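Working through the structure, step by step
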Amino acid sequence: MQQGSVRKIVVVGGANTDIAGRSTAPLVASDSNPGHISRSAGGVGRNIAENLARLGASVSLLTAFGDDSPARELAHGCSEIGIDISLCVTVPGVPGSVYLAVLDDTGDMAVAINDMRALDALTPATVLQRKAALNAAALVVLDANLPEKTIHALAEEIGAPLMLDPVSVAKAPRTRAVLPKLACVKCNAAEAEVLLNAAEGTAAADLAMALHEAGAAVAIVTDGPRGVGFASASESGHADCPQVTIANATGAGDAFSAGVAFALAEGHGAAQAVALGSALAALALESESTVSSRVTPDVVVDIRRSWVE
């Protein structure tokens, strides 16, 4: 795997085994549905890190692995892909994290359950033991699967630029207080509405501007097929999203975050970060896997070419 095209990015967050079941017909509640079940490596932080590694970035992951066989396979897989896991911890007596998703016949997620107990080991003290490595990064990416106290400690103690992915509507509120500390917040419209106590259906561009005004240097809000809103001190606006056939919606948001992180670490602005994020999200949506094998350094080359045309 080619690496080193950008300065070091450290991703702090979840790593788990993804189990996805996709129905072959419209889902029927409270019944057994025929379909296909797949198993792959996942976790928001790990997915972001894999996409970054596939793009050619120099990337480290800071997560907590369980001590069972699936967790060991997960850690080994990260190393094989090119993710540095030297900052990670192993939690004795705790199973590896698992994310279970049920997808409808269109590939969209109907419901999911996650068991992320291992991440409780990422306490402020444990994470800040790696403070020197975090401060040496060009960008530190946080996902809100982390304990709330750890997110706040990182925001207060780490001098490197911080990017945050709130992960879900349920976990977004724990990140509200750190908005003024962020170089970038990337979230979907539902998460942004919770962060801002905004009305449902608020336009993504308006949500992005409000998040920027709340303190985030760069704010990016995705809104599914309705596109992406973005705002910073120098630019703001709305971008359409690529039209694709969805094979699996799981992982698209993580791919988008990776594209944003890569662009920001290279010193590009919000609009360019959105362009690269959208390109990676489209590849993820078209892939049955959580992370698309079509993510390569060539994606960056193609996007950079479009920036100068």
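Rules behind the numbers
- Residues numbered from 1 in each chain as written.
- Predicted model: local features only at pLDDT ≥ 70, side-chain atom pairs only at ≥ 80, totals over all residues.
- Heavy atoms only, no water.
- 1 Å grid on protein atoms, 1.4 Å probe; cavity = no way out; pocket = protein on both sides within 12 Å on 5 of 7 lines; lining within 4 Å.
- Points joined across faces, edges and corners; volume = space filled by probe spheres on them.
- Helix = DSSP H or I, 4+ residues; strand = E, 2+ residues; numbered from the N terminus.
- Nonpolar A, V, L, I, M, F, W, Y, C, P; charged D, E, K, R; others polar.
- pLDDT = per-residue confidence, 0-100.
- Contact = heavy atoms within 4.5 Å.
- Patch = residues over 30% accessible without salt bridge, like charges linked within 9 Å, V, L, I, M, F, W, Y side chains within 5 Å.
- Areas by Shrake-Rupley, 256 points an atom, 1.4 Å probe, with all protein chains shown as cover.
- Salt bridge = Lys/Arg side-chain N within 4 Å of Asp/Glu carboxyl O.
- Buried < 20%, exposed > 50% of the residue type's maximum accessible area, 1.4 Å probe, protein only.

**A word on empty space enclosed by the protein**
Throughout the structure, instances matching the rule amount to 1 cavity of 30 Å³ or more. There is about 50 Å³ of room inside the largest cavity. The dominant element in the lining of the largest cavity, judged by the number of residues it contributes, is helix H2 (residues 69–81), at 3 residues. Of the residues contributing to the lining of the largest cavity, the split by class is 7 nonpolar, 4 polar and no charged.

**Looking at the confidence of the model for the protein chain**
Of all residues in the protein chain, 97% have pLDDT values of 70 or greater, and the mean over the chain is 92. A low-confidence stretch, residues 1–5 (pLDDT under 50), is modelled with 18 contacts involving residues beyond four sequence positions or located in other chains.

**What to know about the side chain of Asp 223**
Inspection of the secondary structure puts Asp 223 in the loop between strand E12 (218–222) and strand E13 (228–231). Look past the residues within four positions of Asp 223 in its chain and what remains in contact with it is Ala 189 and Ala 204.

**Overview of a nonpolar patch on the surface**
Nonpolar side chains collect at one region of the surface, where Leu 27, Val 102 and Val 111 lie side by side and expose about 200 Å² of accessible area between them. Tracing the sequence through the fold places Leu 27 in the loop between strand E2 (16–23) and strand E3 (35–42). Taking the relative accessible area as the measure of exposure, Leu 27 reaches 33% and is therefore partly exposed.

**Describing the environment of Gly 251**
Relative to the helices and strands, Gly 251 resides in the loop between strand E14 (236–239) and helix H8 (252–265). Separated by 40 residues in sequence, Gly 251 and Val 291 place their C-alpha atoms 6.4 Å apart. Beyond its immediate stretch of four places on either side in the chain, Gly 251 contacts Ala 284 and Thr 290.

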